[in-house]
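Chains, contacts and geometry: an overview
If you want the building blocks of each chain, they are given just below.
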Amino acid sequence: MTSKESILGVKVTALPIDTLLEDIERRIHSRDKGRIVAINPEKIMMAQKDGNLASLLNQSAYQIPDGVGVSIASKLLKGSIRWRITGVGMMENLLQLANEKNHKVFFYGAKEETVVKAIDKIQQSYPNLQVAGYINGYEKDEEVIVDRINEVKPDIVFVALGSPRQELFIDRNMSRMSAAIFQGVGGSFDVFSGNVKRAPYIFRKFGLEWLYRLISQPSRLKRQLALPKFLLLVLKEKFRKGNK
Ligand code: UDP
């Protein structure tokens, strides 16, 4: 599966969600391992300073365009991405796929009460879903985690430890975990559990999730300063390319 764009040296998969899901289904059938990373301006900025993170992101099977910043950058750089696939949205799509096709899912991450509550809510929405198991994100013994996953053999593993911790965990352990698809989902278990509210529809419609998050959690301001810095770098890149 190709069709990738590069934004400041970080790859982003330029395929709509339906095509992505078809490819994921193929991987599950052929046990062809692949990981999904969500690409947002904050991660692209981290990757500018951290070459290891950049190559880890670039070597993933799927880099979803998480957030309006990435689609604006794609447009500025004459790419084709005009949509967003958020981490939580991708997870929802995978849960639906698993529910329909009888794939087993595993959850690793967040606080014990959060992951338990998230699974409970998810099972209410997807009654046929096969939950293979879970472990909270404060279990740090990777042998314990890998052994548990290999015992229950899920098809899809969701890892919710925040970035880049979850990407690093998947990178270190993917080859020895018996599962096909691995997604780092950040704070998504908090969203499914209901502890953290998702941005209301009107904010999502206009790509303003970042504004909603800023209003509800002002402490995220520092993280969000990545967005204007990112757009400035993209503009520089655009003019550099234009002048060639
Ligand atoms: N977390 C965890 N183990 C850790 C540190 C964090 O399970 O050692 C969880 C934390 O409980 C939260 C999630 O990781 O559920 C981090 O969410 P955040 O919104 O910071 O992630 P982001 O999507 O912004 O990277």
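Per chain, residues are indexed from 1 in the order of the written sequence. At least 70 in pLDDT is required for a residue's local features to be given in this predicted model, at least 80 for side-chain atom pairs to be given and counted, and no such filter applies to totals for whole chains, interfaces and linings, which use all residues. In computing side-chain values, all of the structure's heavy atoms are included and hydrogens and water are not.

Moving on, we get to the pairing of strand β3 (residues 34-39). Of all 6 residues that make up β3, 6 are buried, and the element is covered over most of its length. Two elements, β3 and strand β8 (residues 181-184), share 3 bridges in a ladder whose sense is parallel. Residue pairing across strands places Arg35 opposite Phe182, the latter belonging to β8. Note: β3 against strand β4 (residues 62-65), 4 bridges, orientation parallel. Each residue of the ladder has a partner; that of Ala38, found in β4, is Ile64. The cut-offs for exposure are 20% and 50% of the maximum accessible area for each residue type, with area from a 1.4 Å probe on protein chains only; residues under the lower value are buried, those over the upper are exposed, and the others partly exposed. To qualify as a helix, a DSSP run of H or I must reach at least 4 residues; to qualify as a strand, a run of E must reach at least 2; elements of each kind are numbered from the N terminus. Paired strands are those between which DSSP finds at least two bridges.

The subject of this paragraph is the domain arrangement of the protein. In terms of domains, the protein is made up of domain 1 (1-84 + 199-244) and domain 2 (86-198). Domain extents, as shown, originate in an automatic or database domain assignment. If you average the C-alpha positions of domain 1 and of domain 2, the two centres end up 21 Å apart. Facing 27 residues of domain 1, the contacting portion of domain 2 comprises 30 residues. For the pairing of domain 1 and domain 2, the buried interface totals around 2,500 Å² over both sides, and the portion due to carbon and sulfur atoms is 63%. What counts as buried area is the accessible surface, traced by a 1.4 Å probe, that two parts surrender upon association, with contributions from both included. Looking at the side of domain 1 facing domain 2, the largest losses of area belong to Lys33, Arg35 and Ile36, adding up to 24% of the total buried there. Salt bridge, as applied in this entry: a Lys or Arg side-chain nitrogen positioned within 4 Å of an Asp or Glu carboxyl oxygen. Linking domain 1 with domain 2 are 3 salt bridges. Between Asp155 and Arg31 there is a salt bridge, with its nearest N and O atoms 2.7 Å apart. Any N or O atom pair separated by 3.5 Å or less is treated as a polar contact, with the protein-specific requirement of one donor-capable and one acceptor-capable atom, and with residues adjacent in sequence counted only for side-chain atom pairs. Taken together, domain 1 and domain 2 are joined by 12 residue pairs in polar contact (both at pLDDT 80 or more). At the level of secondary structure, the elements contributing two or more residues to the side of domain 1 that touches domain 2 comprise α1 (17-30), β3, α2 (41-49), α3 (51-58) and α11 (209-216). Gly is placed with the polar residues, together with every amino acid not listed as nonpolar (Ala, Val, Leu, Ile, Met, Phe, Trp, Tyr, Cys and Pro) or charged (Asp, Glu, Lys and Arg). Of the residues assigned to the side of domain 1 that touches domain 2, the class counts are 15 nonpolar, 1 polar and 11 charged. By definition in these notes, contact holds between two residues if any of their heavy atoms fall within 4.5 Å.

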